[in-house]
Amino acid sequence: NTQDFTLLFDGAMLTLTATIDTRETTPGTFEHDKLVVRWDGFVSVQIQTPMNVKTCGMCGNNDGRPENDMRTRRGKMPDNVNVFGDSWQSDPLGRCPETQAARTSEEVCGERYQEVRAD
């Protein structure tokens, strides 16, 4: 079974599309299930799969229940997002920095911070 895939970079987003299943719905007409992964090169990843395809990892398990998606690599549901994220870290060369505690907008922006309120 040959897997077809395409890789596209439009200057802002890298998109990988892979055909994971093909079936003939009527003679000469085929339907394709595809896995689509979009990455902005920094922190945002989007994954699209058919509902019958199970996934695991930081994007959840694709069972239609978002409340159980934040499972660690060992299947636990942590209270801390850093524990969740760190459990999926893959860093065989030791290049990823240690996780830093989440900071408030004021802490990140310092003197440049200005609260905006809708009137």
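Up top is the structure.
Heads up: these notes are all about the structure in this document. (Residues numbered from 1 in each chain as written. Predicted model: local features only at pLDDT ≥ 70, side-chain atom pairs only at ≥ 80, totals over all residues. Heavy atoms only, no water.)

All chains considered together, the criterion is met by 5 salt bridges. Note that Arg 23 and Asp 21 form a salt bridge whose closest N and O atoms lie 3.3 Å from each other. The partner of Arg 65 in a salt bridge is Asp 63, and the shortest N-O contact between them spans 3.6 Å. Classification of Arg 65 as partly exposed rests on a relative accessible area of 44%. Linked through salt bridges whose partners overlap, the residues forming this network are Asp 21, Arg 23, Glu 31 and Asp 33. (Salt bridge = Lys/Arg side-chain N within 4 Å of Asp/Glu carboxyl O. Buried < 20%, exposed > 50% of the residue type's maximum accessible area, 1.4 Å probe, protein only.)

This part is about the environment of Arg 71. Checked against the element boundaries, Arg 71 lands in the loop between strand E4 (45-48) and helix H1 (81-87). Once the C-alpha coordinates of Arg 71 and Gly 85 are considered, the two residues, 14 residues apart in sequence, prove to be 9.4 Å apart. With residues near it in sequence (within four places) discarded, Arg 71 still touches Lys 76, Met 77, Phe 84 and Trp 88. A polar side-chain atom of Arg 71 sits 3.0 Å from the main-chain carbonyl oxygen of Gly 75. (Helix = DSSP H or I, 4+ residues; strand = E, 2+ residues; numbered from the N terminus. Contact = heavy atoms within 4.5 Å. Polar contact = N/O pair within 3.5 Å; in protein donor to acceptor, adjacent residues only side chain to side chain.)

Strand order across the open sheet formed by 4 strands is E1-E2-E3-E4, with antiparallel pairing between neighbours. Strands with a single pairing partner mark the edges of an open sheet, and in this sheet they are strand E1 (5-9) and E4. Each neighbouring strand pair of the sheet contributes to a mean axis angle of 20 degrees, computed without reference to strand direction. Bridge count between strand E3 (residues 29-39) and E4: 4 bridges; the pairing is antiparallel. Following the sheet pairing, Arg 38 is matched in E4 by Gln 46. (Pairing = 2+ DSSP bridges. Axes fitted to C-alpha atoms, helices over the stretch in contact; angles between N-to-C directions.)

Remember that the coordinates give geometry; whether it matters functionally is a separate question.
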